[in-house]
Amino acid sequence: MEQARSRTRRDPLLAHRACTMSSAESATEIAAAINNAVEQASGPDASISKEEALLQISPHQLEAVLHTGFENAERDVLTSGLGASPGAAVGRIVLTADDAMMATDDVILVRQETSPADVHGMQVAVGILTTRGGLASHAAVVARGWGKPAVCGAENIEIGTDHILINGERIDVGETLSIDGGSGEVIRGALQTTDVDPIPALSTLLTWADEARDLAVRANADTATEAKLARENGAEGIGLCRTEHMFLDEQRLPVIRSMILADTPEQETQALNTLRDTQYNDFVELLEQMDGLPVTVRLLDPPLHEFLPDIDELLQRDACNELDEEGKALLGAAQKWRERNPMIGTRGVRLAWLKPGLYEMQTKALLDAVEQRVADGGQPVVEIMIPLTVSGKELLGIRQRIEAVVQAHKSTVSMHIGTMIETPRAALVARELAEHADFFSFGTNDLTQLTFGFSRDDVESRIMGLYLDAELLQANPFQRLDSRAVIELVRLGVERGRNTKADLSVGVCGEHGGDPASIKLLAAAGVDYVSCSPPRVPIARLAAAHAAITAHA
């Protein structure tokens, strides 16, 4: 016990969790409460209204029964990170994606941070644990989309060649860890997990929630598999399809790298055509799963270095004369595209201006997919979203390029073209952006980062626990939308955008769209829909109903 207290003193995030966690209801108790609420509000002898039944169940209770957890038992918590994707996982430690692929039993993949090159190992691991990164890191976003437990930013873990050190204590590869993707706890040994049992009354409760809410609920989904889960969970469309995620596996990476490495316009055109073929197939499958519902496709957003190997690793291999010609080319590209602040550097719409043809290629692939779905008897509903715009001229120029592609294509399906609002400037100049946008979608992850001046991949794991413990912040602003400044920018953006275009559709596609407290703020700010990871869609549906019921009371 003294050892556990010592670890808590050395780990500020763990100390914060120890102070804030309270005894939780069991999944069985919550299931009974859901069944009881529905029973009380059903039939001619109902003793409460449907609205009262909905208010009896909190979204946090719902989350507890939708994901696996650990049995209430004594646990040896070694350290804590950010609960990046809910659920419980138990497995042996592996340190590389290849080792995860080779394993014959359940494994926890432990990395400093993940990249597209790790996706094959992430797919087979039962859980993911990283020492760096926050709630919007690669590991967190990918894990949430898959519904896989993940803990990120556990900075008290050091990774060796055949072991990890947690607060100085050695734990070898092959030993067993348990991770809680909700609380962020990293636990020694194997804990007993709880099962996710079906609750007969839950579908009825969520149907009532749909009747009560004003906000639409969409999902952030990038693959047909994620889209299928989103629709099963009640999503009314896709609010964010991150097209770059279509390249996040080892088989796809060479395709986009060929574009980055192209030395001539002809090579770049050839690479873009290959990319077009790849994305076409993905779009067809995605639109088939979401037939009849809106699918908002965000054109390529991240800086190009994210598709390249880690530059430090390449430099180390180069120093040891271990790079072949391809490796040397990748090193040259990594050095060329390396930036001091890549998340506010060459990304989003800026890439489209720097590499003409990139967004046009993606638009052609999408139009081809729309045409195929129509030919197959489908009803595709597509919206194209341009990321990171900060001025009307910047948006208009790229919109005109996209419109030229649309007009030259034989597809007869009309599509809206809109933009993300991700910077304070974009929110403040929403009037001029709305002149050239059919819709807005607030990217609240980046908007939070740029409003606070927080690096979301660094601040969360390093100082967030300290700031929360000292009450310098009321809540982690990457989990719960800031109720003073960021929401004010959302309000301003909505108001100014609709001053230009009264019927402007406005959504939110940051992960705040799945947080109950944030949903209440966003509903009051006047947005039309929220979008979140597929596993959180039922939680968002209930939270949106709560927001509407309390607002109308």
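Remember, it's a predicted structure, so these values are computed and weren't measured experimentally. (Residues numbered from 1 in each chain as written. Predicted model: local features only at pLDDT ≥ 70, side-chain atom pairs only at ≥ 80, totals over all residues. Heavy atoms only, no water.)

**Examining the sheet that holds strand S9 (residues 169-172)**
Here comes step 1: The strand order S7-S8-S9 describes an open sheet built from three strands, whose pairing is antiparallel. On the outer flanks of this sheet lie strand S7 (157-159) and S9, each paired with one strand and no other. Across the sheet, the mean angle from the axis of one strand to that of its neighbour is 25 degrees, orientation sign disregarded.
Here comes step 2: As paired strands, strand S8 (residues 163-166) and S9 are joined by four bridges and run antiparallel to one another. For His163, the partnering residue across the bridge sits in S9 and is Asp172. (Pairing = 2+ DSSP bridges. Helix = DSSP H or I, 4+ residues; strand = E, 2+ residues; numbered from the N terminus. Axes fitted to C-alpha atoms, helices over the stretch in contact; angles between N-to-C directions.)

**Points about the packing of aromatic side chains**
Here comes step 1: Scanning the model with the defined rule gives one aromatic pair in all.
Here comes step 2: Sitting over the face of the ring of Tyr529, Arg218 holds its NZ or CZ atom 3.9 Å from the ring centroid.
Here comes step 3: Seen from the ring of Trp353, Arg401 lies directly overhead, with NZ or CZ sitting 4.7 Å from the centre. (Phe/Tyr/Trp six-rings, centres within 6.5 Å; stacked < 30°, edge-to-face > 60°. Lys NZ or Arg CZ within 6 Å of the ring centre and 35° of its normal.)

**Some thoughts on helix H16 (residues 358-375)**
Here comes step 1: Over its 18 residues, H16 runs 26 Å from end to end, which matches the ideal 26 Å to within 8%, given 1.5 Å per residue.
Here comes step 2: For H16, the buried fraction is high: 13 of the 18 residues fall into the buried class.
Here comes step 3: Note on H16: the residue one or two positions beyond its end, Gly377, has a positive phi of about 90 degrees. (Expected span 1.5 Å × (residues − 1). Buried < 20%, exposed > 50% of the residue type's maximum accessible area, 1.4 Å probe, protein only.)

**Re the side chain of Gln61**
Here comes step 1: Structurally, the position occupied by Gln61 is in helix H5 (residues 59-66).
Here comes step 2: In contact with Gln61, other than residues within four places in its own chain, are Glu25, Ile30 and Gln56. (Contact = heavy atoms within 4.5 Å.)

**Looking at the pattern of salt bridges**
Here comes step 1: Enumeration according to the criterion identifies 32 salt bridges in this entry.
Here comes step 2: Note that Arg132 is salt-bridged to Glu113, the shortest N-O span being 3.7 Å. Linking Arg132 in the loop between strand S5 (127-130) and helix H8 (138-146) with Glu113 in the loop between strand S4 (107-111) and helix H7 (119-124), this pair joins segments that are 19 residues apart in sequence.
Here comes step 3: Of the residues examined, Arg132 reaches a relative accessible area of 41% and is grouped as partly exposed.
Here comes step 4: Take Glu113: its relative accessible area is 42%, and that puts it in the partly exposed class.
Here comes step 5: We note a salt bridge from Asp301 to Arg347, for which the minimum N-O separation is 2.8 Å. You can see Asp301 sitting in the loop between strand S14 (294-298) and helix H13 (311-319) and its partner Arg347 sitting in the loop between helix H14 (325-337) and helix H15 (349-354), a full 46 residues away along the chain. The exposure classification of Asp301 matches that of Arg347, with both residues buried.
Here comes step 6: Several salt bridges share partner residues, and in doing so they unite Glu244, Arg298, Asp301, Arg347, Glu422 and Asp446 into one network. (Salt bridge = Lys/Arg side-chain N within 4 Å of Asp/Glu carboxyl O.)

**Here's the deal with the sheet that holds S5**
Here comes step 1: The eight strands lie next to each other as S1-S11-S10-S3-S4-S5-S6-S2, forming an open sheet whose pairing is mixed. Each end of this open sheet is capped by a strand with a single partner; those strands are strand S1 (77-80) and strand S2 (82-85). Sheet twist, expressed as the mean angle between neighbouring strand axes with direction ignored, is 30 degrees.
Here comes step 2: Pairing of strand S3 (residues 88-94) with S4, which is carried by three bridges, proceeds in the parallel orientation. Across the sheet, the residue bridging to Val94 is Leu109, located in S4.
Here comes step 3: Each of S2, S5 and strand S6 (150-152) touches H8; the most contacted strand, S2, lies at about 45 degrees to it.

**Topic: a nonpolar patch on the surface**
Here comes step 1: The grouping of Met101, Met102 and Val124 at the surface amounts to a nonpolar patch, some 320 Å² of accessible area in total.
Here comes step 2: Along the polypeptide, Met101 turns up in helix H6 (residues 97-102). (Patch = residues over 30% accessible without salt bridge, like charges linked within 9 Å, V, L, I, M, F, W, Y side chains within 5 Å. Areas by Shrake-Rupley, 256 points an atom, 1.4 Å probe, with all protein chains shown as cover.)

**Some words on helix H25 (residues 537-552)**
An α-helical turn contains 3.6 residues, so any two residues separated by three or four positions project in the same direction.
Here comes step 1: Taking 1.5 Å of rise per residue, the 16 residues of H25 would be expected to cover 22 Å, and the 23 Å separating its terminal C-alpha atoms lies within 8% of that figure.
Here comes step 2: Most of H25 is tucked away: 13 of the 16 residues are buried.

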